[in-house]
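# Tertiary structure, described
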Amino acid sequence: MYQWRKFEFFEEKLAGKCAIPEEVTGKIECCSSGRGKVVIGCDDGTVSFLDRSLHFSYGFQAHSSVLFLQQLKQRNFLVTIGDDEQISAQQSRCLKVFDLDRIQPEGSSSTSPDCIGILRIFTNQFPEAKITSFLVLEEAPPILLIAIGLDNGCIYCIKGDIARERITRFKLQVNNVSDKSQCSITGLGFRVDGQALQLFAVTPSSVSLFILQNQPSRGQTLDQIGGNVNSVAMSDRGELIIGRPEAVYFYEVDGRGPCWAFEGEKKFLGWFRGYLLCIIEDQRSGNHTFNIYDLKNHLIAHSLVVKEVSHMLCEWGSIILIMADKSALCIGEKDMESKLDMLFKKNLYTVAINLVQSQQADAAATAEVLRKYGDHLYSKQDYDEAMAQYIHTIGHLEPSYVIQKFLDAQRIYNLTNYLEKLHEKGLASKDHTTLLLNCYTKLKDVDKLNVFIKSEDGLGEHKFDVETAIRVCRATNYHEHAMYVAKKAGKHEWYLKILLEDLGRYEEALQYISSLEPSQAGVTVKEYGKILIEHKPVETIEILMKLCTEDGESAQRGRTNGAYLTMLPSPVDFLNIFIHHLQSLMVFLEKYTNKVKDSPAQVEIHNTLLELYLSNDLNFPLMSQASNGGDISVRAIRPGAATMSKAESNGKFVADGKDLTQEMDRMERQEKGLRLLKSAWPSELEHPLYDVDLAIILCEMNEFKEGLLYIYEKMKLYKEVISCYMQAHDHEGLIACCKRLGDSGKGGDPTLWADLLKYFGELGEDCSKEVKEVLTYIERDDILPPIIVLQTLSRNPCLTLSVIKDYIARKLEQESKLIEEDRRAIEKYQEATLTMRKEIQDLRTNARIFQLSKCTACTFTLDLPAVHFMCIHSFHQRCLGDNEKECPVCAPEYRSVLEMKTSLEQNSKDQDRFFQQVKNSKDGFSVIAEYFGKGVISKTSNGPTGASS
């Protein structure tokens with residue numbers, strides 16, 4: 001053991017000058033410590049208490065002579081054994097228990113604690129013998145277990161509540177030996193292991209173990225060699241320690257354990273904070289040396305030559321040695337920083353590391369020692385060992401500190417090792433991952449790269465930043481590794497980006513998208529669909545159909561209702577991927593519309609298809625998408641706004657030398673467009689399943705006459721329809737259109753013929769045939785007065801009077817007939833009026849003679865009383881009843897006339913109705929004349945008098 005290094009990890013306290021106070025006058029027989037005080041028992045029976053500075057606090061007389069004492073830790077009790085002549089002259093040895101919390105009050109004759117229990121040690125069953133050792137174990141309060149060792153090999157045990165004298169006694173006996181001088185109990189030690197309670201007993205010739213749960217307890221001999229008094233101690237792990245001249249032995253419950261060959265007679269043995277305390281007497285010089293051993297680190301923490309020691313205690317974090325001459329020595333442990341500084345100065349980094357680990361220092365302190373050790377090795381260019389130390393600092397030392405030292409290419413292996421450990425502990429950042437992968441690629445170590453890429457933590461997740469690893473592997477052309485990480489981590493976008501942009505494996509990408517969940521597949525197609533459409537249009541469209549229709553997951557679920565359709569992706573969401581492949585877009589939308597008839601986005605889909613069908617050239621961007629959410633007005637483009645006629649367009653087409661196949665394709669698309677315009681506007685719907693304004697603009701821009709005519713006709717914009725024919729100078733079609741749309745009997749607009757006549761009047765060319773046909777329908781429906789017809793046609797210099805001669809003749813003949821009929825009606829009304837005036841005059845001036853002899857009501861002979869009316873009707877008064885004021889025969893007719901007059905007066909106030917009749921009538925003047933004729937419109941309507949007249 002002389003090879004062990006010696007250090008000064010301890011130092012003397014109290015400036016090295018301390019002694020037992022003079023108040024302690026007797027010879028010190030025993031000592032104890034605990035609860036912040038030192039207790040000393042003397043041969044004169046006094047017990048003294050010392051404070052932290054070893055100054056006298058107080059004392060009291062406990063016995064005539066104190067032999068043993070022990071300060072309890074859990075309760076502030078003091079247990080003593082001594083001689084007390086006052087009890088019994090023959091059996092004066094007794095045990096006392098003092099309660100140190102119950103001190104007699106100040107002012108009393110003495111300061112002494114209450115004695116709560118006194119026991120005689122020896123009885124008839126427990127004969128007297130010399131006491132050689134003493135130990136107290138505190139069980140659950142207030143139970144105490146006291147073991148008293150005797151020189152005859154017996155151990156008297158007292159257990160219970162001594163204050164209440166509820167105790168039990170039992171005796172233990174070590175194995176008998178032939179030599180009685182070798183059976184004295186020199187040391188005792190309790191071991192508590194859970195519920196198990198064991199007692200070590202040491203004699204000069206044996207070591208025994210008693211299991212106290214078993215009654216009666218029999219000793220088990222652990223060793224045939226024992227120890228002397230003061231050379232027995234217990235470690236904090238419950239091990240028995242025995243010091244012999246040749247070595248120090250440790251005992252467990254199953255026998256002898258490790259031993260340490262410290263030579264020399266062990267005068268005192270102790271245990272302090274994991275250190276072994278030994279006072280060894282040198283056989284040659286007789287000097288006493290106090291050594292403190294660190295058994296874990298194999299070093300001597302302190303060594304000091306001392307005088308003869310009588311007692312050794314541990315209290316206040318210090319070791320107290322009491323010498324035979326009553327001097328004392330206090331030794332305390334230095335702080336960890338001081339000890340480490342001492343070791344660093346000597347470059348003893350290994351010892352420093354072992355020291356901080358053995359004393360359970362915090363992880364940060366340990367990491368700091370390891371860092372300094374690593375720096376020391378690095379300065380000596382021992383890079384492997386230095387890195388081994390730096391690895392232990394992971395989690396406490398900033399990684400950049402280490403990485404900076406090993407960035408040199410020659411030390412890339414060490415750097416790789418450090419970065420691997422950093423990732424294993426989950427403390428690596430994105431930059432660390434990048435650096436490690438670069439190290440692998442520079443070393444071309446594919447095996448390690450495979451291990452790193454496929455490594456996972458306990459939860460099945462990667463120990464590195466996934467996106468960083470993918471990015472670095474891509475940059476260094478390790479595409480397979482990047483794909484593995486992306487697929488494992490569920491980074492579908494990265495996986496497809498590698499397949500498509502780096503490797504060009506389009507079929508594999510499509511298969512991968514098909515295997516994804518529908519929601520995730522939709523996201524990936526939106527992002528990478530442009531590349532897929534460019535290289536694999538057919539397969540990509542198939543995937544889109546699965547996503548947007550019920551061919552996918554919904555078929556398995558059996559959900560085919562409209563509510564589920566709203567949950568599916570819309571084809572509108574994928575339009576941007578067809579930006580340069582409009583032909584594929586048209587195919588996709590056609591398949592979708594054939595498959596799904598009630599899509600929530602069918603308006604947007606039809607708008608897009610219309611633009612594809614009607615465009616002369618398939619160009620992007622589409623108007624239906626560029627104007628999404630905007631307000632497209634038909635008024636923005638009126639009929640005739642196109643700058644190029646169809647003939648001119650065809651001429652330009654030929655001039656440009658376009659291929660005939662392209663022209664046929666355009667015509668085919670226009671046919672599809674017309675079919676879509678018709679099919680998407682069923683007769684039962686008020687509005688079509690597309691944007692009408694957009695459709696009109698598309699037809700105008702692309703000069704698609706058939707579609708434009710259909711839309712105008714469906715919207716009942718008949719004037720716009722004939723305007724299209726006028727623009728194209730299609731006279732035959734124009735007249736046919738007016739025949740179809742101008743028939744009021746079928747809901748048409750007869751005013752179209754007036755517009756048609758105006759058109760021919762302003763044409764400036766000979767159109768006599770057409771004008772005659774138009775005049776036929778105008779005359780049939782009496783649409784325009786002849787004067788308007790003449791004024792309109794007079795503007796065309798190419799028309800002659802012969803065109804309208806027959807029309808004028810017929811009109812004049814009709815007017816002549818009407819005039820003659822009106823003249824006859826006037827004469828008739830004049831005669832009737834004259835007759836009525838004469839009758840009125842006669843009633844006013846001449847008397848009326850009533851000659852009726854019969855009652856008009858009952859036809860019986862008229863007798864009195866009778867009632868005669870001016871209308872020449874006579875009645876019995878009884879036949880009239882209560883109504884004698886009006887003739888029952890003429891009253892209904894008169895009443896109807898009054899009601900009609902009242903109705904006409906009310907209608908005269910309804911201006912809207914009057915103007916509506918004027919507007920809807922073929923001859924508005926006749927309506928006004930009718931109102932005058934009925935007296936509704938009066939010249940004098942300002943006052944009541946005029947109204948009555």
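Residues numbered from 1 in each chain as written. Predicted model: local features only at pLDDT ≥ 70, side-chain atom pairs only at ≥ 80, totals over all residues. Heavy atoms only, no water.

## A few points about the overall build of the protein
Heads up, the rule is: Secondary structure elements follow DSSP: runs of H or I no shorter than four residues count as helices, runs of E no shorter than two count as strands, and numbering proceeds from the N terminus. Each residue is assigned to one of three classes by its accessible area relative to the maximum for its type, calculated with a 1.4 Å probe on protein chains only: buried under 20%, partly exposed between the two thresholds, exposed over 50%. The contact criterion used is simple: two residues touch if any of their non-hydrogen atoms lie within 4.5 Å. Throughout, the Shrake-Rupley method with a 1.4 Å probe supplies accessible areas, and for residues the shown protein chains are the sole cover considered.
In terms of helices and strands, the protein carries 34 helices and 32 strands. Put simply, the protein has 949 residues, and 44% of those count as buried. The contacts in the protein between residues at least 6 apart in sequence include a share of 47% that link residues at least 24 apart. Summed over its atoms, the accessible surface of the protein is roughly 51,700 Å², and 49% of this surface lies on carbon and sulfur atoms.

## Digging into the confidence of the model for the protein
Condition: Every residue carries a pLDDT, the predictor's confidence in it, which falls somewhere between 0 and 100.
Mean pLDDT for the protein: 81, with 88% of residues reaching 70 or above. In this model residues 553–560 is a low-confidence stretch, pLDDT under 50, and it forms 12 contacts with partners more than four residues away in sequence or in other chains. pLDDT under 50 marks residues 940–949. Its contacts with residues more than four places away, or in other chains, come to three contacts.

## So, unusual backbone geometry
Trans peptide bonds make up most of the peptide bonds, and negative phi angles are found at most residues other than glycine. Looking along the chain, the bond that leaves Leu-864 and enters Pro-865 is cis, with omega of -5°. In this structure, Pro-865 sits in the loop between helix H29 (802–845) and strand S31 (866–868). Even without a glycine there, the phi angle at Asn-230 is positive, about 70°. For Asn-477, which is not glycine, the phi torsion reads 65° and is therefore positive.

## As for helix H10 (residues 479–489)
Within H10, the full set of buried residues consists of His-479, His-481, Ala-482, Met-483, Val-485 and Ala-486. Looking one or two residues beyond H10, the residue adopting positive phi is Gly-490, at roughly 75°.

## Some details on the pattern of salt bridges
Note the following rule: The term salt bridge refers to a pairing of a side-chain nitrogen on Lys or Arg with a carboxyl oxygen on Asp or Glu at a separation within 4 Å.
Under the defined criterion, the tally for this structure stands at 33 salt bridges. The structure contains a network of salt bridges with shared partners spanning Asp-99, Arg-102 and Asp-114.

## Quick notes on the sheet that holds strand S10 (residues 93–103)
How we decide: Between any two strands, at least two bridges found by DSSP are needed for them to pair. To obtain an axis, a line is fitted to C-alpha atoms, over the contacting stretch when the element is a helix, and the angle between two such axes runs from 0 to 180 degrees between their N-to-C directions.
Here we have four strands laid out as an open sheet, ordered S8-S9-S10-S11, and antiparallel in their pairing. Edge strands, defined here as strands with exactly one partner in the open sheet, are strand S8 (65–71) and strand S11 (113–120). If you compare each strand with its neighbour and ignore which way they point, the axes differ by 25° on average. Looking at chain direction, strand S9 (residues 77–83) and S10 are connected through seven bridges and run antiparallel. What sits directly across from Asp-83, in S10, is Arg-93.

## A short note on a nonpolar patch on the surface
We apply this condition: Candidate patch residues must exceed 30% relative accessible area and have no salt bridge, after which like charges are joined if within 9 Å and Val, Leu, Ile, Met, Phe, Trp or Tyr side chains if within 5 Å.
A cluster of nonpolar side chains, namely Ile-787, Ile-788 and Leu-790, defines an oily patch on the protein surface of about 230 Å² accessible area. Tracing the backbone through its elements, the reader meets Leu-790 in helix H28 (residues 786–793).

## What about the packing of helix H8 (residues 446–453) against H10?
The cut-off we apply is this: What sets the label is the angle itself: under 35 degrees gives roughly parallel, over 145 gives roughly antiparallel, 65 to 115 gives roughly perpendicular, and the rest give oblique. Polarity classes work like this: nonpolar for Ala, Val, Leu, Ile, Met, Phe, Trp, Tyr, Cys and Pro, charged for Asp, Glu, Lys and Arg, and polar for all others, with Gly in that last group.
Look at H8 against H10: their axes get within 10 Å of each other, and the N-to-C directions meet at 10°. Accordingly, the angle class assigned to the pair H8 and H10 is roughly parallel. Across the interface between the two elements, Val-446, Leu-449, Asn-450 and Ile-453 from H8 touch His-481, Tyr-484 and Val-485 from H10. A breakdown of the residues in the contact of H8 with H10 according to their chemical character gives five nonpolar, two polar and no charged.

## Considerations on helix H9 (residues 466–475)
The buried fraction of H9 is high, at seven of 10 residues. Turning to H9, its buried residues are Val-466, Thr-468, Ala-469, Ile-470, Val-472, Cys-473 and Arg-474. Contacts made by the buried residues of H9 are with helix H7 (430–443), H8, H10 and helix H11 (492–503).

## A few points about the environment of Gln-583
You can see Gln-583 is positioned in helix H17 (residues 582–595). Considering only alpha carbons, one finds Gln-583 and Leu-612, 29 residues apart in sequence, at a separation of 8.3 Å.

## Let's talk about the sheet that holds strand S22 (residues 248–252)
Judged by pairing direction, the sheet is antiparallel, and its four strands sit side by side in the order S20-S21-S22-S23 without closing on themselves. Where the open sheet ends on each side, the last strands, each with one partner, are strand S20 (232–234) and strand S23 (255–260). Ignoring strand direction, the axes of neighbouring strands in this sheet form an average angle of 25°. Pairing between S22 and S23: four bridges, direction antiparallel. Note on S23: the bridge partner recorded for Tyr-249 is Cys-259.

## Side note on the packing of aromatic side chains
Counted only if it meets this: Aromatic pairing here means that ring centres of Phe, Tyr or Trp (its six-membered ring) are within 6.5 Å. Orientation follows from the plane angle: under 30 degrees is stacked, over 60 is edge-to-face, and everything else is tilted. Distance and angle both matter: a charge sits over a ring if NZ of Lys or CZ of Arg is within 6 Å of the ring centre and within 35 degrees of the ring normal.
Applying the stated criterion to the full structure yields 26 aromatic pairs. Plain terms: the ring middles of Tyr-378 and Phe-406 are 5.5 Å apart, the flat faces sit at 70° to each other, and that makes the pair edge-to-face. On the criterion of sequence distance, the pair formed by Tyr-378 in helix H3 (residues 363–379) and Phe-406 in the loop between helix H5 (399–405) and helix H6 (412–424) is long-range, its members being 28 residues apart. We note that Tyr-378, like Phe-406, is buried. Aromatic pair Tyr-383 and Phe-406: ring centres 6.3 Å apart, planes at 80°, arrangement edge-to-face. In this pair, Tyr-383 sits in helix H4 (residues 383–392) while Phe-406 sits in the loop between H5 and H6, placing the two residues 23 residues apart along the sequence. By relative accessible area, Phe-406 is classed as buried at 0%. One residue, Arg-411, lies across the ring of Tyr-383, its end atom 4.7 Å from the ring centre.

## Comments concerning the nonpolar core
So the rule is basically this: Side-chain atoms within 4.5 Å are what join buried Ala, Val, Leu, Ile, Met, Phe, Trp, Tyr and Cys residues into a set we call a nonpolar core.
If you look at the biggest cluster of nonpolar residues, it comprises 161 residues, and the most contacted ones within it are Phe-290, Ile-319 and Leu-321. No other element matches helix H26 (residues 751–761), which puts seven residues into this core. If sequence neighbours within four positions are ignored, Phe-290 has contacts with Leu-277, Cys-278, Ile-279, His-302, Ser-303, Leu-304, Val-306, Met-312, Ile-319, Leu-321 and Ile-331. Core analysis: the next-biggest nonpolar cluster, separate from the first, contains 25 residues, Phe-68, Ile-81, Val-136 and Ile-148 among them.

## Regarding the side chain of Ser-615
The condition that has to hold: Polar contacts, as used here, are pairs of N or O atoms within 3.5 Å; protein pairs need one atom able to donate a hydrogen and one able to accept it. Residues neighboring in sequence count only if both atoms are side-chain atoms.
Among the secondary structure elements, Ser-615 is positioned in the loop between helix H18 (602–614) and helix H19 (623–626). A polar contact of 2.4 Å, which involves the side chain of Ser-615, links it to the backbone oxygen of Glu-611. Among residues more than four places away in sequence, those in contact with Ser-615 are Arg-666, Arg-669 and Asn-702.

## With respect to the pairing of strand S7 (residues 56–61)
In terms of strand pairing, strand S6 (residues 46–50) meets S7 through five bridges, oriented antiparallel. Bridge assignment links Ser-48 to a residue of S7, and that residue is Gly-59. Hairpin remark: S6 followed by S7, antiparallel, with five residues in the connecting loop; positive phi at Leu-54, about 60°.

## As for the pairing of strand S29 (residues 318–323)
For S29, the buried fraction is high: six of the six residues fall into the buried class. The side-chain alternation of S29 yields two buried faces, one formed by Ser-318, Ile-320 and Ile-322 and the other by Ile-319, Leu-321 and Met-323. Where strand S28 (residues 309–315) and S29 come together, six bridges link them in antiparallel fashion. Bridge pairing in S29 links Met-312 to Leu-321. Once S28 ends, the chain turns through two residues before running back antiparallel as S29, passing Trp-316 with a positive phi of about 60°. Bridge count for S29 against strand S30 (residues 327–333) is five bridges, and the pairing is antiparallel. Paired with Ile-320 across the two strands is Cys-330, which belongs to S30.

## Focus: the environment of Asp-782
The residue Asp-782 is located in the loop between helix H27 (768–781) and H28 in this model. We classify Asp-782 as partly exposed; its relative accessible area is 36%. Between the C-alpha atoms of Asp-782 and Pro-750, which are 32 residues apart in sequence, the distance is 9.7 Å.

## Observations regarding the environment of Ala-428
With respect to the helices, strands and loops of the structure, Ala-428 is situated in the loop between H6 and H7. For Ala-428, a relative accessible area of 23% corresponds to the partly exposed category. Remark: the alpha-carbon pair of Ala-428 and Ile-394, spanning 34 residues in sequence, is separated by 10.0 Å. Setting aside chain neighbours within four positions, we find Ala-428 in contact with Leu-422 and His-423.

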